[in-house]
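The lines below spell out each chain.
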Amino acid sequence: MVGSVPPVGPPASPAAASPASTVPLSRRVLDPAAPAGPAEPPDPAGPSDRTRGWYENELGWPTVPGKPVRLSVGVRFDVLEVPAEAGHAALRRLAPGSPVAVEGARMRLLVAAGSAEELPGILRWLEWGALPLDLRAVGAGGVIEAPLPPGPECSRPPWPAQGAAVWVRPPEAGREVEASLPTVSALGGGGGAPDLVRWVDTLATHCHRVRLRRASAQALAFS
(Lines give C-alpha, C1' and ligand atoms only; values in the text may rest on other atoms or scores of the structure.)
Protein backbone atom coordinates (compact mmCIF):
# COMPACT_ATOMS: atom_id res chain seq x y z
CA MET A 1 0.00 0.00 0.00
CA VAL A 2 1.35 3.37 -0.99
CA GLY A 3 1.64 5.82 1.93
CA SER A 4 -0.06 9.22 1.82
CA VAL A 5 2.01 12.32 1.06
CA PRO A 6 2.27 14.58 4.12
CA PRO A 7 1.19 18.23 3.63
CA VAL A 8 3.93 20.75 3.00
CA GLY A 9 4.27 23.33 5.78
CA PRO A 10 2.22 23.80 8.91
CA PRO A 11 -1.60 23.88 8.66
CA ALA A 12 -3.15 27.33 8.39
CA SER A 13 -4.55 28.63 11.64
CA PRO A 14 -7.91 30.44 11.80
CA ALA A 15 -6.09 33.62 12.84
CA ALA A 16 -3.99 33.52 9.69
CA ALA A 17 -7.02 33.44 7.38
CA SER A 18 -7.28 36.23 4.85
CA PRO A 19 -9.47 39.12 6.03
CA ALA A 20 -11.27 38.91 2.70
CA SER A 21 -12.54 35.46 3.68
CA THR A 22 -14.71 37.05 6.39
CA VAL A 23 -16.40 39.37 3.88
CA PRO A 24 -19.56 38.08 2.17
CA LEU A 25 -18.87 36.90 -1.34
CA SER A 26 -21.18 39.44 -2.93
CA ARG A 27 -19.26 42.31 -1.30
CA ARG A 28 -15.87 40.85 -2.30
CA VAL A 29 -17.01 40.69 -5.91
CA LEU A 30 -18.30 44.28 -5.94
CA ASP A 31 -15.55 45.79 -3.82
CA PRO A 32 -12.44 43.68 -3.17
CA ALA A 33 -11.20 46.24 -0.63
CA ALA A 34 -14.43 46.22 1.40
CA PRO A 35 -13.85 45.83 5.16
CA ALA A 36 -15.01 42.79 7.03
CA GLY A 37 -18.51 42.71 8.47
CA PRO A 38 -22.09 42.58 7.22
CA ALA A 39 -23.54 45.36 5.10
CA GLU A 40 -25.77 47.90 6.87
CA PRO A 41 -29.46 47.21 6.32
CA PRO A 42 -31.30 49.85 4.26
CA ASP A 43 -33.47 52.40 6.05
CA PRO A 44 -37.00 50.94 5.82
CA ALA A 45 -38.53 54.47 5.95
CA GLY A 46 -37.55 56.49 2.92
CA PRO A 47 -37.63 60.31 2.74
CA SER A 48 -41.17 60.30 1.32
CA ASP A 49 -42.43 58.10 4.15
CA ARG A 50 -40.83 60.33 6.80
CA THR A 51 -42.22 63.45 5.15
CA ARG A 52 -45.73 62.02 4.92
CA GLY A 53 -45.57 60.81 8.52
CA TRP A 54 -44.52 64.27 9.76
CA TYR A 55 -47.44 66.00 8.06
CA GLU A 56 -50.06 63.42 8.96
CA ASN A 57 -48.94 62.47 12.47
CA GLU A 58 -47.26 65.63 13.79
CA LEU A 59 -49.44 68.27 12.12
CA GLY A 60 -52.62 66.39 11.32
CA TRP A 61 -52.58 67.62 7.72
CA PRO A 62 -54.10 65.35 5.06
CA THR A 63 -51.85 64.25 2.20
CA VAL A 64 -52.54 62.84 -1.25
CA PRO A 65 -51.42 59.27 -2.07
CA GLY A 66 -48.41 58.90 -4.34
CA LYS A 67 -45.00 60.49 -4.79
CA PRO A 68 -43.87 63.17 -4.36
CA VAL A 69 -45.81 63.88 -1.18
CA ARG A 70 -48.53 66.49 -1.76
CA LEU A 71 -50.80 68.27 0.70
CA SER A 72 -54.57 68.54 0.37
CA VAL A 73 -55.68 72.19 0.32
CA GLY A 74 -59.02 73.44 1.61
CA VAL A 75 -59.19 71.24 4.71
CA ARG A 76 -56.92 72.94 7.23
CA PHE A 77 -55.87 75.90 5.08
CA ASP A 78 -56.01 77.56 1.67
CA VAL A 79 -53.01 79.00 -0.16
CA LEU A 80 -52.25 82.36 -1.75
CA GLU A 81 -49.50 82.12 -4.37
CA VAL A 82 -47.50 85.17 -5.48
CA PRO A 83 -44.10 85.93 -7.03
CA ALA A 84 -41.46 85.22 -4.39
CA GLU A 85 -40.13 88.78 -4.69
CA ALA A 86 -43.53 90.23 -3.77
CA GLY A 87 -44.06 87.70 -1.00
CA HIS A 88 -40.74 88.42 0.73
CA ALA A 89 -41.50 92.16 0.68
CA ALA A 90 -44.87 91.55 2.34
CA LEU A 91 -43.75 89.13 5.08
CA ARG A 92 -43.18 91.84 7.68
CA ARG A 93 -46.96 92.33 7.77
CA LEU A 94 -47.64 88.65 8.45
CA ALA A 95 -47.82 87.01 11.87
CA PRO A 96 -44.57 85.11 12.65
CA GLY A 97 -46.42 81.86 13.23
CA SER A 98 -48.20 81.83 9.87
CA PRO A 99 -46.54 79.20 7.63
CA VAL A 100 -44.95 80.31 4.36
CA ALA A 101 -43.19 78.19 1.70
CA VAL A 102 -41.42 78.85 -1.59
CA GLU A 103 -41.11 76.69 -4.68
CA GLY A 104 -38.82 78.09 -7.32
CA ALA A 105 -39.86 81.68 -8.07
CA ARG A 106 -43.25 81.35 -6.35
CA MET A 107 -44.17 81.92 -2.70
CA ARG A 108 -47.08 80.12 -1.05
CA LEU A 109 -48.71 81.74 1.95
CA LEU A 110 -51.16 79.77 4.03
CA VAL A 111 -54.48 81.43 4.82
CA ALA A 112 -57.68 80.23 6.47
CA ALA A 113 -59.67 77.53 4.70
CA GLY A 114 -62.33 79.13 2.49
CA SER A 115 -60.23 82.20 1.70
CA ALA A 116 -59.70 81.15 -1.92
CA GLU A 117 -63.40 81.66 -2.60
CA GLU A 118 -63.25 85.13 -1.05
CA LEU A 119 -60.24 86.34 -3.05
CA PRO A 120 -61.98 87.51 -6.27
CA GLY A 121 -64.53 89.55 -4.32
CA ILE A 122 -61.88 91.05 -2.05
CA LEU A 123 -59.76 92.11 -5.04
CA ARG A 124 -62.78 93.76 -6.69
CA TRP A 125 -63.74 95.53 -3.46
CA LEU A 126 -60.17 96.81 -3.11
CA GLU A 127 -60.24 97.90 -6.77
CA TRP A 128 -57.42 95.54 -7.73
CA GLY A 129 -59.65 93.28 -9.80
CA ALA A 130 -58.88 94.85 -13.19
CA LEU A 131 -55.09 94.50 -12.92
CA PRO A 132 -52.97 91.40 -13.78
CA LEU A 133 -51.39 90.94 -10.33
CA ASP A 134 -50.10 87.36 -10.65
CA LEU A 135 -51.86 86.66 -7.35
CA ARG A 136 -53.55 83.26 -7.33
CA ALA A 137 -55.42 81.20 -4.77
CA VAL A 138 -55.57 77.43 -4.21
CA GLY A 139 -58.64 76.22 -2.35
CA ALA A 140 -60.78 73.16 -1.75
CA GLY A 141 -59.83 70.26 -4.00
CA GLY A 142 -56.38 71.67 -4.77
CA VAL A 143 -53.00 70.23 -3.85
CA ILE A 144 -49.50 71.62 -3.33
CA GLU A 145 -46.13 69.92 -3.10
CA ALA A 146 -45.21 69.17 0.51
CA PRO A 147 -42.00 71.00 1.50
CA LEU A 148 -39.41 68.86 3.28
CA PRO A 149 -39.99 69.05 7.05
CA PRO A 150 -37.59 71.34 8.92
CA GLY A 151 -34.75 69.80 10.92
CA PRO A 152 -31.79 67.46 10.33
CA GLU A 153 -33.36 66.00 7.17
CA CYS A 154 -32.60 69.28 5.40
CA SER A 155 -28.86 69.08 6.16
CA ARG A 156 -28.06 65.63 4.79
CA PRO A 157 -28.80 63.81 1.54
CA PRO A 158 -31.11 63.48 -0.20
CA TRP A 159 -31.29 67.30 -0.22
CA PRO A 160 -34.26 69.06 -1.79
CA ALA A 161 -33.80 69.43 -5.53
CA GLN A 162 -33.20 72.90 -6.89
CA GLY A 163 -36.57 74.62 -7.18
CA ALA A 164 -38.28 72.14 -4.83
CA ALA A 165 -40.73 73.42 -2.23
CA VAL A 166 -39.09 74.49 1.06
CA TRP A 167 -40.40 76.22 4.17
CA VAL A 168 -39.52 79.86 4.81
CA ARG A 169 -41.64 79.86 7.96
CA PRO A 170 -42.42 76.23 8.82
CA PRO A 171 -45.51 75.12 10.76
CA GLU A 172 -44.98 74.04 14.34
CA ALA A 173 -45.81 70.49 15.35
CA GLY A 174 -48.44 70.32 18.06
CA ARG A 175 -49.77 73.79 17.31
CA GLU A 176 -53.10 74.47 15.66
CA VAL A 177 -52.22 76.27 12.44
CA GLU A 178 -55.65 77.92 12.15
CA ALA A 179 -54.94 80.40 14.95
CA SER A 180 -52.16 82.11 12.96
CA LEU A 181 -53.75 82.18 9.50
CA PRO A 182 -55.17 85.34 7.90
CA THR A 183 -58.96 85.16 7.80
CA VAL A 184 -61.89 87.46 7.06
CA SER A 185 -63.13 86.89 10.62
CA ALA A 186 -59.88 87.97 12.28
CA LEU A 187 -61.16 91.59 12.46
CA GLY A 188 -57.78 93.18 12.22
CA GLY A 189 -55.62 90.63 13.95
CA GLY A 190 -57.53 88.36 16.30
CA GLY A 191 -55.24 85.66 17.72
CA GLY A 192 -52.22 87.32 16.14
CA ALA A 193 -53.44 86.72 12.58
CA PRO A 194 -53.93 89.65 10.19
CA ASP A 195 -57.28 90.42 8.64
CA LEU A 196 -57.45 88.72 5.25
CA VAL A 197 -58.65 91.87 3.46
CA ARG A 198 -55.66 93.90 4.67
CA TRP A 199 -53.31 91.03 3.92
CA VAL A 200 -54.62 90.69 0.35
CA ASP A 201 -54.26 94.45 -0.11
CA THR A 202 -50.62 94.25 1.03
CA LEU A 203 -49.88 91.33 -1.30
CA ALA A 204 -51.62 93.03 -4.23
CA THR A 205 -49.60 96.21 -3.67
CA HIS A 206 -46.29 94.34 -3.76
CA CYS A 207 -47.37 92.20 -6.73
CA HIS A 208 -48.22 95.39 -8.61
CA ARG A 209 -44.83 96.91 -7.77
CA VAL A 210 -43.05 93.77 -8.97
CA ARG A 211 -45.02 93.87 -12.23
CA LEU A 212 -44.11 97.52 -12.81
CA ARG A 213 -40.40 96.90 -12.09
CA ARG A 214 -40.31 93.97 -14.48
CA ALA A 215 -42.08 95.94 -17.19
CA SER A 216 -39.66 98.84 -16.73
CA ALA A 217 -36.62 96.55 -16.87
CA GLN A 218 -37.95 94.88 -20.00
CA ALA A 219 -38.52 98.25 -21.67
CA LEU A 220 -34.96 99.32 -20.87
CA ALA A 221 -33.57 96.08 -22.22
CA PHE A 222 -35.23 96.65 -25.60
CA SER A 223 -34.62 100.40 -25.78
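Structure: see above.
This report concerns the structure included in the present document. (Residues numbered from 1 in each chain as written. Predicted model: local features only at pLDDT ≥ 70, side-chain atom pairs only at ≥ 80, totals over all residues. Heavy atoms only, no water.)

**Describing the overall build of the chain**
Per the secondary structure count, the chain includes 5 helices and 8 strands. Each helix and strand of the chain, placed in order from N terminus to C terminus, yields the pattern α-α-β-β-β-α-β-β-α-β-β-β-α. Classification of the 223 residues of the chain by burial places 36% in the buried group. Sequence separation of 24 or more characterises 65% of the internal contacts of the chain that already satisfy a separation of 6 or more. (Helix = DSSP H or I, 4+ residues; strand = E, 2+ residues; numbered from the N terminus. Buried < 20%, exposed > 50% of the residue type's maximum accessible area, 1.4 Å probe, protein only. Contact = heavy atoms within 4.5 Å.)

**What to know about the pairing of strand β3 (residues 78-83)**
Of all 6 residues in β3, 6 are buried; the element is thus mostly enclosed. In terms of strand pairing, β3 meets strand β6 (residues 136-138) through 3 bridges, oriented antiparallel. Considered in β6, the bridge of Val79 is made with Val138. (Pairing = 2+ DSSP bridges.)

**Considerations on unusual backbone geometry**
Note that the residue after Lys67, namely Pro68, is joined by a cis bond; omega there is 0°. Secondary-structure assignment places Pro68 in the loop between β1 (63-64) and β2 (70-72). Phi at Asp134 takes a positive value of approximately 60°, unusual for a residue other than glycine. On the secondary structure map, Asp134 appears in the loop between α4 (115-125) and β6.

**So, the packing of aromatic side chains**
All chains considered together, the criterion is met by 4 aromatic pairs. Pairing Trp61 with Phe77 gives two aromatic rings, centres 4.8 Å apart and planes at 55°, and the pair type is tilted. Of this pair, Trp61 sits in the loop between α2 (47-59) and β1 while Phe77 sits in the loop between β2 and β3, and the two are 16 residues apart along the sequence. Each member of the pair Trp61 and Phe77 is classed as buried. On the numbers, 6.3 Å between centres and 65° between planes, the contact of Trp61 with Trp167 is edge-to-face. (Phe/Tyr/Trp six-rings, centres within 6.5 Å; stacked < 30°, edge-to-face > 60°.)

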